[in-house]
Amino acid sequence: MGRNKLYFHLGIACLAGYIWFFVNYSITYSHENNGIETGCLIKQFTDIPCPSCGATRSLISLMHGHIIESLYWNPFGIVLFVIMLITPIWLLVDCLYHRASLLWFYKKTELFLKQRKVAIPAILLVLINWGWNIYKGL
Amino acid sequence: MDAQKVDMFIMANGKFFESHQIAQIRDRLLVLDDDKWGMIQTLQFKDPTTSLIISLLGGNLGIDRFMIGDTGLGVGKLLTCGGFGIWAIIDWFMIMDATREKNMAKIQLALY
């Protein structure tokens, strides 16, 4: 994947993530909830939470400073928080200075995650988290 | 390389590539040295149909992207529940072309 394509995709993804988060945030904390369902679309259709269900609630707890509560909702929320905080800044700096350091980092991360000794524990963690999500009944 | 060998390769592996890439691959194979034939023949490509099936079944977890080697996008899909379900649906239509592109990148490494 080339630099411009990756940066375009990342930009869109970050924008969509922020819009999703703030729409959910405002619906959760507005008093007139017009019956709009929030949260994971998959769960609404299948009734089974997916591995990343609860990430939005986790981010909202984190915004209020409740770290333990955000870990309870979904530990992925912390990962998402870090990614969504760093990526837009890194993207802008790279675009302003015409560099490709984020692309370099992205490729390094891909290679790191593809190693068997990293991939297998990561997959196990995701599965355990999914099991926990179903157990909690998010 | 022999035209016969090249056509055999194209017949066996044509489905792994975009139609507009096949002519380019054929031209390149024709001028290629004969001793590379063994290596070209043993290359393993990913089947676009398999990745479509995986995308339909496990697209929400990003398994299709992991399978074709786009680990970064796979993580993104996994963490966002298949891009809030929307990206997963878009990928049902994109994943076959993405697989063919990956195959093209793979054969290009061997050809050039």
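You'll find the structure just up there.
Parameters at a glance
Along each chain, residues carry numbers from 1 onward, in the same order as the chain's sequence is written. Each chain gets a letter, beginning with A, and each ligand a number, beginning with 1, in the order they are written. Local features in a predicted model are, by the rule used here, given only for residues with pLDDT of at least 70; side-chain atom pairs are given and counted only at 80 or more, and totals for whole chains, interfaces and linings are based on all residues. Think of the side-chain values as coming from all heavy atoms in the structure, minus any hydrogens and water. For this text, the term disulfide refers to a pair of cysteine sulfurs within 2.5 Å. Secondary structure elements follow DSSP: runs of H or I no shorter than four residues count as helices, runs of E no shorter than two count as strands, and numbering proceeds from the N terminus. Burial status follows relative accessibility: with a 1.4 Å probe on protein chains alone, a residue under 20% of its type maximum counts as buried, one over 50% as exposed, and anything between as partly exposed. Contacts are assigned to residue pairs with any non-hydrogen atoms lying within 4.5 Å of each other. Salt bridges are defined by distance alone: a side-chain nitrogen of Lys or Arg within 4 Å of a carboxyl oxygen of Asp or Glu. Here a polar contact means two N or O atoms within 3.5 Å. Within protein one must be a hydrogen donor candidate and the other an acceptor candidate, and residues neighboring in sequence count only if both atoms are side-chain atoms. Within 6.5 Å between ring centres, the rings of Phe, Tyr and Trp (the latter by its six-membered ring) count as paired, and their orientation is classed by plane angle as stacked under 30 degrees, edge-to-face over 60, tilted in between. Charge over a ring is defined by NZ of Lys or CZ of Arg lying within 6 Å of the ring centre and within 35 degrees of the ring normal.

1. A few points about the state of the cysteines
Okay, so step 1: Using the criterion set out here, one finds one disulfide over all chains in the structure.
Okay, so step 2: Each sulfur in the disulfide pair Cys50 of chain A and Cys81 of chain B lies 2.2 Å from the other. Here Cys50 of chain A and Cys81 of chain B share a disulfide; its torsion about the S-S bond, -135°, makes the bridge left-handed. In this pair, Cys50 of chain A sits in the loop between helix 2 (41-46) and helix 3 (55-63) while Cys81 of chain B sits in helix 7 (residues 81-84), so the two residues belong to two different chains. Side by side, Cys50 of chain A and Cys81 of chain B carry an identical accessibility label, which is buried.
Okay, so step 3: As a non-bridged cysteine, Cys14 of chain A has Cys95 of chain A as the owner of its nearest cysteine sulfur, 12 Å distant.

2. A short note on the interface of chain A and chain B
Okay, so step 1: Contacts between the two partners involve 21 residues from chain A and, on the opposite side, 15 residues from chain B.
Okay, so step 2: Seen at the junction of chain A and chain B, the total is one salt bridge.
Okay, so step 3: Lys5 of chain A is paired through a salt bridge with Glu101 of chain B; the nearest N and O atoms lie 3.9 Å apart.
Okay, so step 4: Applying the counting rule to chain A against chain B returns six residue pairs in polar contact (both at pLDDT 80 or more).
Okay, so step 5: Listed by contribution, the elements that provide at least two residues to the side of chain A that touches chain B are helix 1 (3-29), helix 2, helix 5 (76-97), helix 6 (101-114) and helix 7 (116-136) of chain A.

3. Side note on the environment of Gly58 of chain B
All names here are of chain B.
Okay, so step 1: With respect to the secondary-structure elements, Gly58 resides in helix 4 (residues 48-58).
Okay, so step 2: Judged by relative accessible area, which is 9%, Gly58 ranks as buried.
Okay, so step 3: With 25 residues separating them along the chain, Gly58 and Gly83 place their C-alpha atoms 13 Å apart.
Okay, so step 4: Setting aside its immediate chain neighbours within four residues, Gly58 contacts Ile63 and Asp64.

4. With respect to the packing of aromatic side chains
Okay, so step 1: Scanning the model with the defined rule gives seven aromatic pairs over all chains in all.
Okay, so step 2: Here the aromatic rings of Tyr18 of chain A and Phe22 of chain A are separated by 6.4 Å at their centres, their planes lie at 15°, and the arrangement is stacked. With Tyr18 of chain A and Phe22 of chain A both in helix 1, this residue pair falls four residues apart, about one helical turn.
Okay, so step 3: Arranged with centres 5.1 Å apart and planes meeting at 35°, the rings of Trp90 of chain A and Phe105 of chain A form a pair that is tilted. Separated by 15 residues along the polypeptide, Trp90 of chain A in helix 5 and Phe105 of chain A in helix 6 bring together distant segments of the chain.
Okay, so step 4: On the basis of relative accessible area, Phe105 of chain A is assigned to the partly exposed category, the value being 40%.
Okay, so step 5: An aromatic cluster is present here, built from Tyr18, Phe21 and Phe22 of chain A joined pairwise through their rings.
Okay, so step 6: When the ring centre of Trp132 of chain A is taken as origin, the NZ or CZ atom of Lys136 of chain A, which lies over that ring, is 3.5 Å away.
Okay, so step 7: Taking the ring centre of Trp87 of chain B as reference, the NZ or CZ of Lys77 of chain B above it sits at 5.9 Å.

5. Considering the environment of Ala23 of chain B
Residue and element names in this part refer to chain B.
Okay, so step 1: Counting through the fold element by element, Ala23 comes out in helix 2 (residues 19-30).
Okay, so step 2: When its relative accessible area of 46% is taken as the criterion, Ala23 is described as partly exposed.
Okay, so step 3: Placed 13 residues apart in sequence, Ala23 and Ile10 show a C-alpha to C-alpha distance of 9.4 Å.

None of the figures reported here should be taken as evidence of function without further support.
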